[in-house]
Amino acid sequence: MDTVLPSTTNDLLVADHVRKLYPKGSGEDLLVLEDVTLRLRTNEIVSLLGRSGSGKSSLLRIIAGLMPASSGSVSIAGRPVQGPAPEVAMVFQTFALFPWLTVLENVEIGLEAQRVPPAERHKRALAAIDLIGLDGYESAYPKELSGGMRQRVGLARALVVHPRLLLMDEAFSALDVLTAETLRTDLLDLWCEGRMPISSILLVTHNIEEAVLMSDRILVLASNPGRISSEIKVTLPQPRNRLDPAFRALVDDIYARMTARTAGKTVHGMFPGTGISLELRRVSPNLLAGLMEQVAAEPHHGKADLPALAGPLQMEIDDLFPVAETLQLLRFAEVAEGDIRLTDAGRRFVDLDPDGRKRLFSQHVLAYVPLAGHIKRVLDERGSHAAPASRFKDELEDHMPVLSAEQTLKTVTSWGRYGEIFAYDEDTGVFSLDNPA
Amino acid sequence: MRRNDPTRSGQPPLGLAGEGLSPNLYDLAIFILIAAAFAILAHGARQIAVPAERLVGHPIVLDPRNLPEYALRTTLRMFAAIVASLIFTFVVATLAAKSRKAELVILPALDILQSVPVLGFLTFTVTYFLHLFPGSELGAECAAIFAIFTSQAWNMAFSFYQSLRTVPRDLVEVSAHFRLSPWLTFWRLEAPFAAPGLIWNTMMSMSGGWFFVVASEAITVGDTTIKLPGIGSWLAVAIDEKDIGAVVMAVAAMAVVILLYDQLVFRPIVAWADKFRFEQTAARERPRSWVYDLWRRARLTRRTAQAMGWLGGFVERLVPRPAAPPIAVRSSTARLFDLAWIALVLAIVAYALWRIVLFTRQSLDWHDVVVAVEMGLLTFARVVVLIALASVIWVPAGVWIGLRPWAAATVQPVAQFLAAFPANVLFPIAVVAIVHWHLHPDIWLSPLMVLGTQWYILFNVIAGASAFPTDLREASTLFRLRQGQWWRQVIIPGILPYYVTGALTAAGGSWNASIVAEVASWGDTRLRAAGLGSYIADATAAGDYARVVLGIGVMSVMVVSCNRLLWRPLYRLAERRYRLD
């Protein structure tokens, strides 16, 4: 905690020992960011790479001045952040355009807020629209545009206020693969040619290839609580080629870092919480079976490289990791160093018929998911063999935020139904042991 | 209702297509419309400002030449009320959305107030406003406008509040991020986002309001009888003089007024509000209006829009811009303050209750309560039977119409027109029939209660059936579902949310209508159906405030209980189980 940052005039952004706590339903607060320290110099693109739950969006919002840090400090261009700083502009994952304003009006909104006179506002907005390749669309409404064009409006709106620091919050993740790639390339071209009025970009992403493709530096965030686990300098020259062996090696290396088992942690260390309050990810039994079959099949034969698996399946790490880790939790697979390997149980599962799969699945859920065992026990003990879901939800909410409790309970319900461990009646909100005939 | 409107694509949006400066024919048309609106407004305003002596007891003359002016006065009352409702909405709903403490009081208050029979209010407000403006007609005008206001404001405020609370998070962040001033945030984010809901509710309120404007123009409270110049008073005089020709003229005049309102106000505004719809896809047929098309094509409107924009920008520069918007931090002491606030509110409520008990105890005993509840149950039975009957008729009809786009396009505007038409204008005709054939008033006065409100069921069911997904219909056709099964498992669940909305509105309206529907007269003949409505009406006519309070109280409790015990659970079920999206 006593690191002292050598502050230089080159530092555009300094975040110093930032912590963030969220109040929970009851009990202790939830720690989402722990002691994050980072620096951004001028003329660099830095990626914050992490999975959902790593607090990367919270960190970005603290930097943008939209949310206060619980402790620690952030300063931009030497001044402490106490609200949205004028040097910063942000591009949003959901585009966040005003649907009732035209493209031009959307781009002008930041200038209007700064009370720039209409004539100049108009001129600057048109220049930004021109730069970003939106000419001809000035009078269109966002709903008339494709996703890629909408995000260009978001980009123009951010650039028109002449920020020094551009923040991008998973700006490409809501776009289809081709559109996202075009937009990334266009942005990099503008950056390399120095045609944008910005001096640095901080981008938040869960896409490893995107981080390697675009940034000069990658800060990998670990989850629960979010913290910077490693820093990787990317020295490959621009424009970068995804098929370049050096590029592939870097991607593999980052996959390995992100799946590395931390010493001293249990197998389900990647899931927050312990015992019945273990927080479960919303992964359907079908998805679990699907991934196991994929790993068991040609050409992997039970052991696969995660990047190699992700590519053909069109899955990003936020899709793939929860599935892989749930398999690990249920002892159907082991994940380490960027690889996934099926256990004996996993191999057996793949060969079984549907009923056999259900039986094996239910054994593993009962054995390794304490919450499922808990619900089963309560139902067994009660004469009526029924219990309201709210009872378990209340228990969970003592240990985790309301949303996580809901997600965990929904997940365990879906697993319990698939494994025919217990039934759940949506109308009455009651768990029971009787299976509908 | 769900196909693309081909006429819309390819047109530049308002205010951005570059054209010359010379005026065109559309400009002329709009100019005439606006000039007419100003002239009408000016004339109406002059009438209200006439010295008091001439107006008190101003006789209503059943001369057809007076009818346009009466119609105009009625309309102006309506618009005065809607302006008051909008101001109320902006202030109260914003307060509720921004302050937790205000929210704790305002939300339940809105919920109750919209269940209180509006016409019962009139007794108090007339007296109050007459005292406020002694010897002037202004007091009576205010009372009438207030009565209409109380029939409109609550659902508008609630809609606006809900919109303010559900503004998308990312847009809130953008506004904070670009440091928009509160003024700019309101006009660029909050107001446009709330616009479709608020406008739809305003229009529904106005449609319901015609009923009350007619009912509140001629009212007797004890010895005071007030007849404000308007269609409602014309009707009252026509009833006294047994002039069936005058009644027919009133019906015709009202039909013209509603038609003009529908074409010149309702449809253009609904069509305009469509651009604020919060959706990122452009499909779906849009509401259309010839007046709005005219307005959009006129160049003058662009000047107006620019002028408004300039004015807005001017105000924006006056409002101080915060250096950085404060970031909300919720402390643990806030909960303590909330508790204290609730305690304070409860204390005030308890005191108010005590005052009510004191007030009513002087002239009421438990027997009165029993009588009022019995009367309430009678009216309740009427409402249940009538809504059931209306549903049996209009649900199949609405489904039939809604599943046929051409029929829906024809019938839907008619149903909306009928819902806005004040049914009480038709009451005298029904009463004449009852008198003529010596029918039993306890039974035959009842249908009047749903005369105006049944249309809400019809047009909501039509809307639901029109929105029913084609693929589900095709699937049910392919599986050759039997009639009964199709109704039970396909269409009824599909339209349930819409039906519940319609039936709730219809039932609420019927309770209100009972106050004017259970008592009717034709000349000297008085017809009376036993029920809570006639109980309140009689107490009002006798100036018996205690029984009016009791009647209103019982009715409010019954309406609130119906909403809580029947409609709300049904709506929740519909939302949870039968939502199609």
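Cut-off values and rules
- Throughout, a residue's number is its position along its own chain's written sequence, starting from 1.
- The naming scheme follows written order: chains are lettered A onward, ligands numbered 1 onward.
- Where local features are concerned, this predicted model is filtered to residues with pLDDT of at least 70; where side-chain atom pairs are given and counted, the filter is 80 or more; whole-chain, interface and lining totals use all residues.
- To qualify as a helix, a DSSP run of H or I must reach at least 4 residues; to qualify as a strand, a run of E must reach at least 2; elements of each kind are numbered from the N terminus.
- The burial label depends on the number of other C-beta atoms within 10 Å of a residue's C-beta. Counts of 20 or more mean buried, 12 or fewer mean exposed, and intermediate counts mean partly exposed, with C-beta atoms placed from the backbone.
- We call two residues in contact if the C-beta atoms placed from their backbones are at most 7 Å apart.
- Both definitions apply: the radius of gyration is a C-alpha atom measure, and the globule rule equals 2.2 Å times residues to the power 0.38.
- Residue ranges labeled as domains rest on an automatic or database domain assignment.
- Side-chain classes are defined by residue name, with Ala, Val, Leu, Ile, Met, Phe, Trp, Tyr, Cys and Pro counting as nonpolar, Asp, Glu, Lys and Arg as charged, and the others, Gly among them, as polar.
- By definition, a nonpolar core groups buried Ala, Val, Leu, Ile, Met, Phe, Trp, Tyr and Cys residues that are joined through C-beta atoms within 7 Å.
- Every residue gets a pLDDT, meaning the predictor's confidence in that residue, from 0 to 100.
- One bridge is not enough; two strands pair if DSSP finds at least two bridges between them.
- Angles run from 0 to 180 degrees between N-to-C directions of axes, and those axes are lines fitted to C-alpha atoms, restricted for helices to the stretch in contact.
- For classification purposes, angles smaller than 35 degrees are called roughly parallel, those larger than 145 roughly antiparallel, those between 65 and 115 roughly perpendicular, and all remaining angles oblique.
- Crossings are sorted by hand: turned counterclockwise from the far helix by less than a right angle, the near helix makes the crossing left-handed, and turned clockwise it makes it right-handed.
- Take the residue count of a helix, subtract one, and multiply by 1.5 Å to get its expected span.
- Here the bend at each residue means the angle between axes fitted to two seven-residue stretches, the one ending at that residue and the one beginning there.

Participant: Explain the overall build of chain B residue by residue, including any values.
Facilitator: Summing up its helical and strand segments, chain B has 23 helices and four strands in all. A burial count over chain B gives 38% of its 581 residues as buried. Taking contacts inside chain B between residues at least 6 apart in sequence as the whole, the part at least 24 apart equals 80%.

Participant: Give me the overall build of chain A: which residues, what numbers.
Facilitator: Looking only at helices and strands, one finds 15 helices and 16 strands in chain A. The C-alpha atoms of chain A give a radius of gyration of 24 Å, which matches the 22 Å a tight globule of 437 residues would have. With the principal axes as the frame, chain A shows a C-alpha extent of 75 × 50 × 45 Å. Counting every position in chain A, which comprises 437 residues, the buried fraction comes to 41%. Sequence separation of at least 24 residues holds for 69% of the intrachain contacts in chain A that already meet a minimum separation of 6.

Participant: Describe in detail the domain arrangement of chain A, supporting the description with residues and values.
Facilitator: Residues and elements named next belong to chain A. If you check the domain split of chain A, you get domain 1 (11-258), domain 2 (281-368) and domain 3 (369-437). On the domain 2 side, the residues contacting the nine residues of domain 1 number eight residues. Counting residues per element, the side of domain 1 that touches domain 2 draws most heavily on helix H7 (residues 245-259), which supplies four residues. For the side of domain 1 that touches domain 2, the class distribution of residues is four nonpolar, three polar and two charged.

Participant: Give me the nonpolar core: which residues, what numbers.
Facilitator: Counting residues in hydrophobic clusters, the biggest one holds 263 residues, and the most contacted among them are A:Ala156, A:Leu167, B:Ala157, B:Leu235, B:Ala250 and B:Val461. Top element by residues in this core is helix H6 (residues 137-165) of chain B. It accounts for 16 residues. Not counting residues within four places of it along the chain, the set of residues in contact with B:Ala250 comprises B:Ile231, B:Trp234, B:Leu235, B:Ala238 and B:Val425.

Participant: Give a detailed account of the confidence of the model for chain A, specifying residues and quantitative values.
Facilitator: Where the model shows low pLDDT, its predicted coordinates should not be examined in detail. All names here are of chain A. Averaged over chain A, the pLDDT score is 84; the fraction of residues at 70 or greater is 92%. Helix H9 (residues 306-313) is the least confidently modelled element of chain A, averaging 76 in pLDDT, while strand E8 (residues 200-205) averages 92, the highest of any element. Here residues 1-7 scores under 50 on pLDDT; set against residues more than four positions off or in separate chains, the count is eight contacts.

Participant: Please set out unusual backbone geometry residue by residue, giving values where relevant.
Facilitator: Residues and elements named next belong to chain A. Cis geometry is found at the peptide bond from Gln238 to Pro239, where omega equals -10°. Looking at the element boundaries, Pro239 is found in the loop between strand E10 (227-233) and H7. Positioned with a positive phi, Glu420 is a non-glycine residue whose angle comes to about 50°. Relative to the assigned elements, Glu420 resides in the loop between helix H15 (402-418) and strand E15 (423-425).

Participant: Can you lay out the environment of B:Leu377 for me, pointing to particular residues and giving the numbers?
Facilitator: Inspection of the secondary structure assignment puts B:Leu377 in helix H14 (residues 366-402). For the pair B:Leu377 and B:Pro182, spaced 195 residues apart in sequence, the C-alpha to C-alpha distance is 50 Å.

Participant: Talk me through the sheet that holds strand E9 (residues 217-222) of chain A; I want residue IDs and the actual numbers.
Facilitator: Strand pairing in a sheet takes place through backbone hydrogen bonds and is either antiparallel or parallel in direction. Residue and element names in this part refer to chain A. Overall, mixed pairing links the six strands, which are arranged E6-E7-E8-E3-E9-E10 in an open sheet. The two strands at the open ends of the sheet, each matched to only one other strand, are strand E6 (88-91) and E10. The mean angle between the axes of side-by-side strands here comes to 20°, regardless of whether they run parallel or antiparallel. One ladder, built from six bridges, connects strand E3 (residues 44-49) with E8; its direction is parallel. By the bridge assignment for E8, Glu44 is matched with Ser200. Lying over the sheet, helix H1 (residues 56-64) contacts E3, E6, strand E7 (165-169), E8 and E9, oriented at roughly 150° with respect to E7.

Participant: Go over the sheet that holds strand E16 (residues 430-432) of chain A, please, and point to the residues and values.
Facilitator: Residues and elements named next belong to chain A. The antiparallel open sheet is built from three strands, whose spatial order is E14-E16-E15. Single-partner strands in this sheet number two, and they are strand E14 (386-388) and E15. Pairwise comparison of adjacent strand axes, ignoring direction, gives a mean angle of 25° for this sheet. Bridge count between E14 and E16: three bridges; the pairing is antiparallel. Paired with Ala387 across the bridge in E16 is Phe431.

Participant: I'd like a description of the pairing of strand E13 (residues 339-342) of chain A, backed by residues and values.
Facilitator: All names here are of chain A. Bridge analysis of strand E11 (residues 303-305) against E13 gives three bridges, and the strand direction is antiparallel. Opposite Asp305, over in E13, you have Asp339 as the bridge partner. Bridge count for strand E12 (residues 333-336) against E13 is four bridges, and the pairing is antiparallel. Paired with Ala336 across the two strands is Asp339, which belongs to E13. With antiparallel pairing between neighbouring strands as the criterion, E12 and E13 make up a hairpin whose turn holds two residues, including Glu337 at a positive phi of roughly 50°.

Participant: An account of the domain arrangement of chain B is requested, with residue identities and associated values reported.
Facilitator: All names here are of chain B. In terms of domains, chain B is made up of domain 1 (24-277) and domain 2 (363-581). Taken together, the contacts link 30 residues of domain 1 with 34 residues of domain 2. Looking at the side of domain 1 that touches domain 2, the elements with two or more residues in it are helix H5 (118-132), helix H8 (182-217), strand E1 (218-221), helix H9 (231-240) and helix H10 (244-273). A per-class count over the side of domain 1 that touches domain 2 returns 20 nonpolar, seven polar and three charged.

Participant: Which residues make up the confidence of the model for chain B, and what values do they have?
Facilitator: Residue and element names in this part refer to chain B. With 78% of its residues at a pLDDT of at least 70, chain B reaches an overall mean of 76. Across chain B, element-level confidence peaks in H14 with a mean pLDDT of 91 and bottoms out in helix H2 (residues 52-55) with 42. Note that pLDDT drops below 50 for residues 48-55; the model gives that stretch six contacts with residues more than four away or on any other chain. Contacts of residues 325-329 to residues separated by more than four positions or lying in other chains number seven contacts, the stretch itself having pLDDT below 50. Across the interface, the model reports ipTM at 0.72; the global pTM reads 0.75.

Participant: Now, about the packing of helix H2 (residues 103-113) of chain A against helix H3 (residues 118-131) of chain A: what can you tell me, with residues and values included?
Facilitator: All names here are of chain A. Taken N-terminus to C-terminus, the directions of H2 and H3 make an angle of 120°; their axes are 9 Å apart at the nearest point. Relative to H3, the element H2 lies oblique. Crossing geometry of H2 relative to H3 is assigned as right-handed. On the side of H2, the interface is formed by Val103, Leu104, Val107, Glu108, Leu111 and Glu112, while H3 contributes Arg121, Arg124, Ala125, Ala128 and Ile129. Looking at the contact of H2 with H3, its residues break down into seven nonpolar, no polar and four charged.

Participant: Before we move on, can you summarise the environment of B:Pro447 with the specific residues and values?
Facilitator: Relative to the elements of secondary structure, B:Pro447 occurs in the loop between helix H17 (441-444) and helix H18 (448-451). Among the residues examined, B:Pro447 registers 15 C-beta atoms within 10 Å and is labelled partly exposed.

Participant: Quick one: what's the story with H2(A), residue by residue and with numbers?
Facilitator: With nine of 11 residues buried, H2(A) is to be regarded as a mostly interior element. Every buried residue belonging to H2(A) is among A:Val103, A:Leu104, A:Asn106, A:Val107, A:Glu108, A:Ile109, A:Gly110, A:Leu111 and A:Ala113, and all of these are buried. Structurally, H2(A) contributes buried residues whose contacts are with H3 and helix H4 (147-159) of chain A together with H8 of chain B. A:Arg115 sits one or two residues past H2(A) and shows a positive phi near 60°.

Participant: Describe the environment of A:Glu210, and please don't skip the residues or the numbers.
Facilitator: Residue and element names in this part refer to chain A. Within the fold, Glu210 resides in helix H6 (residues 208-214). Placed 26 residues apart in sequence, Glu210 and Arg184 show a C-alpha to C-alpha distance of 8.4 Å. Not counting residues within four places of it along the chain, the set of residues in contact with Glu210 comprises Phe172, Arg184 and Thr205.

Participant: A description of H6(B) should follow, citing residues and the corresponding values.
Facilitator: Residue and element names in this part refer to chain B. The end-to-end C-alpha distance of H6 is 41 Å, a good match for the 42 Å that 29 residues give at a rise of 1.5 Å each. Its axis deflected by about 35° at Gln152, H6 carries its strongest bend there. Summarising burial for H6: 25 of the 29 residues are buried, a large majority.

Participant: Can you lay out the packing of helix H19 (residues 454-466) of chain B against helix H21 (residues 483-517) of chain B for me, pointing to particular residues and giving the numbers?
Facilitator: Residue and element names in this part refer to chain B. The contact between H19 and H21 brings their axes to 8 Å, and the two run at 165°. Considering their axes alone, H19 and H21 lie roughly antiparallel with respect to each other. Crossing of H19 over H21 shows right-handed handedness. For the pair H19 and H21, contact is made by Gln454, Tyr456, Ile457, Asn460, Val461, Ala463, Gly464 and Ala465 and by Gly494, Ile495, Tyr498, Tyr499, Thr501, Gly502, Ala503, Thr505 and Ala506, respectively.

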